[in-house]
Amino acid sequence: MPNAWHLVKRPNGMPTAADVELRAFDLPPLADGLVHVRNRWLSVDPYMRGRMNDVKSYVPPFQIGQPLEGGAVGEVVESRDPAFAPGDMVLHMMGWRDEEVVAASALNKLPAMPGVEPQAFLGNLGLTGGTAYFGLLEAASAKPGDIVFVSAAAGAVGSAVVQIAKARGMTVIGSAGGADKCAFVTELGADAVIDYKAGSLVKQLAAAAPDGIDVYFDNVGGDHLDAALALARKDARFAICGMIEGYNSGEPTQLRYIMRVIAMRIRLQGFIYTDYLPRLGDFYRDMGGWIASGQVKSRDTVVDGLEGTFDAFLGLFSGANTGKMLVRL
Ligand code: NAP
């Protein structure tokens, strides 16, 4: 019998085990145009916290009593669609479960890329790598020579930002929580690293970037955004990707330096990965090349078993992951 994590009530603050339940469910019959998929890898992502709230956003909220959804890579078991055959590896959005019957139109067959593992399509060749690529190069219009500051730099999106920025000739300052993560960010090629748990962000950023920053890639919001505002040079560009600091509290942070937006003509550009889907070809070309040349590397934090999925998700908010957080089934 297949099993899936269901939302049983909407979390208030940090989600708890009482908000979700792992339970069996029935698969629909395999009709024409449908494909039976057994999941191999599940993605857990910070944006899923927002989908647990009953608010209108760029993706609809999860429904109470229904399975949670998310990115997944699976293997076709049986197909009633000519485009898919048993053994095909596919990318789809029916995560948080071990198997599912999925419409063929909702599946993407993974391209065969030598040396690339299927789970890379949930990381550097998927949502998080694509978010880093389009956010840095398009939303922030980052260019060679820019001084780039990126928060959550040891995470999935942030680690890709560091490496893409270095591949494109930028100076990179990354922030992360704790010495081990900072060492990882240095390994990725960052020119300077800030441990935001070790002292004032503004002071540490001022020391790392005495002439200020041209680009800020925001994964965290709050004090990180404020420090970036404090150190922004004229015409700085901010890619506002995520604000994980506030996902559970829902509280906006006071921005002491927000008025510098005016004097320094700072551009704040929010964006969503899916805005750039028509340009995925550029992303696969460049990211595929960087991976093949070794300029972009992946480190995943892997949790084994469907039972661990909810804890893996919670771990995103306590910094339990270095690189992409994945569940292996
Ligand atoms: P991730 O960075 O791999 O994991 C989250 C990391 O955030 C944690 O490891 C932790 O690292 C850090 N963090 C958690 N709570 C924090 C806090 N209160 N203050 C500072 N840091 C905190 O996750 P991801 O998937 O790559 O996502 C990164 C950001 O991008 C998120 O904000 C996400 O919502 C956003 N995102 C946006 C889009 C888009 O289309 N706009 C797409 C994907 C992701 P430390 O241990 O270093 O604190």
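Residues numbered from 1 in each chain as written. Predicted model: local features only at pLDDT ≥ 70, side-chain atom pairs only at ≥ 80, totals over all residues. Heavy atoms only, no water.

Turning to the side chain of Thr 131, a few remarks are in order. Topologically, Thr 131 is positioned in helix α2 (residues 127-139). Its relative accessible area of 8% is what places Thr 131 among the buried residues. Excluding residues that lie within four positions of it along the chain, Thr 131 makes contacts with Leu 136, Val 157, Phe 217, Cys 241, Phe 271 and Tyr 273. (Helix = DSSP H or I, 4+ residues; strand = E, 2+ residues; numbered from the N terminus. Buried < 20%, exposed > 50% of the residue type's maximum accessible area, 1.4 Å probe, protein only. Contact = heavy atoms within 4.5 Å.)

Another aspect to go through is the site of the ligand. Neighbouring the ligand are 27 residues, the closest being Val 157, Lys 181, Tyr 196, Tyr 247 and Asn 321. With respect to the ligand, the backbone of Ala 156 contributes an N or O atom lying 2.8 Å from an oxygen atom. Backbone polar atom of Phe 271 to a nitrogen atom of the ligand: 2.9 Å apart, as the coordinates give it. Burial of the ligand by the protein amounts to 93% of the accessible area it has alone, namely 910 Å². Of all the secondary structure elements, the ones that give two or more residues to the shell around the ligand are α2 and α3 (156-167). (Near = heavy atom within 4 Å. Polar contact = N/O pair within 3.5 Å; in protein donor to acceptor, adjacent residues only side chain to side chain. Areas by Shrake-Rupley, 256 points an atom, 1.4 Å probe, with all protein chains shown as cover.)

Moving on to the domain arrangement of the chain. Many descriptions give the size of an interface as the accessible area lost when the pieces come together. Once the domains are mapped, the chain shows domain 1 (3-122 + 298-328) and domain 2 (127-274). A straight line from the C-alpha centre of domain 1 to that of domain 2 covers 28 Å. Each partner contributes to the interface: domain 1 provides 18 residues, whereas domain 2 provides 13 residues. Between domain 1 and domain 2, a total of about 1200 Å² is buried, with carbon and sulfur atoms accounting for 58% of that surface. Applying the counting rule to domain 1 against domain 2 returns one salt bridge. For Glu 187, the salt bridge identified is with Arg 299, shortest N-O distance 3.7 Å. Inspection of the region where domain 1 meets domain 2 yields four residue pairs in polar contact (both at pLDDT 80 or more). (Domains from an automatic or database assignment. Buried area = accessible area lost by both parts, 1.4 Å probe. Salt bridge = Lys/Arg side-chain N within 4 Å of Asp/Glu carboxyl O.)

The next subject is empty space enclosed by the protein. Tallied over the full model, the rule gives one cavity of 30 Å³ or more. Empty space within the largest cavity amounts to approximately 70 Å³. Every residue lining the largest cavity is listed: Gly 123, Asn 124, Thr 128, Ala 156, Ser 159, Phe 184, Lys 297, Ser 298, Arg 299, Asp 300, Gly 323 and Lys 324. Tallied by class, residues from the lining of the largest cavity come to two nonpolar, six polar and four charged. Taken domain by domain, the lining of the largest cavity gets at least three of its residues from each of domain 1 (3-122 + 298-328) and domain 2 (127-274). (1 Å grid on protein atoms, 1.4 Å probe; cavity = no way out; pocket = protein on both sides within 12 Å on 5 of 7 lines; lining within 4 Å. Points joined across faces, edges and corners; volume = space filled by probe spheres on them. Nonpolar A, V, L, I, M, F, W, Y, C, P; charged D, E, K, R; others polar.)

So, about the pairing of strand β4 (residues 72-79). As judged from the seven bridges shared by strand β3 (residues 34-43) and β4, these two strands associate in the antiparallel manner. Counted as the bridge partner of His 36 is Glu 78 from β4. (Pairing = 2+ DSSP bridges.)

Take the nonpolar core next. Of all hydrophobic cores here, the largest spans 45 residues; its most connected members are Leu 136, Val 162, Ile 164 and Phe 217. Elements supplying a minimum of two residues to this core: α2, β8 (147-150), α3, β9 (171-176), α4 (179-187), β11 (213-218) and α8 (280-293). Counting only domains with at least three residues in this core, you end up with domain 1 (3-122 + 298-328) and domain 2 (127-274). Once you skip the residues sitting within four places of it in the chain, Val 162 turns out to touch Val 150, Ala 153, Val 172, Val 185, Leu 188, Gly 189 and Ala 190. Counting residues in each nonpolar core, the second largest holds 22 residues, with Ala 192, Leu 231, Phe 238 and Ile 266 among its members. (Core = buried A, V, L, I, M, F, W, Y, C linked by side-chain atoms within 4.5 Å.)

Along its 14 residues, α8 runs 20 Å from first to last C-alpha, staying within 8% of the 20 Å computed at 1.5 Å per residue. Within α8, burial applies to Leu 280, Phe 283, Asp 286, Met 287, Gly 288 and Trp 290. Packed against the buried residues of α8 are α2 and α3. At the exit of α8 stands Gly 294, carrying a positive phi of roughly 85 degrees. (Expected span 1.5 Å × (residues − 1).)

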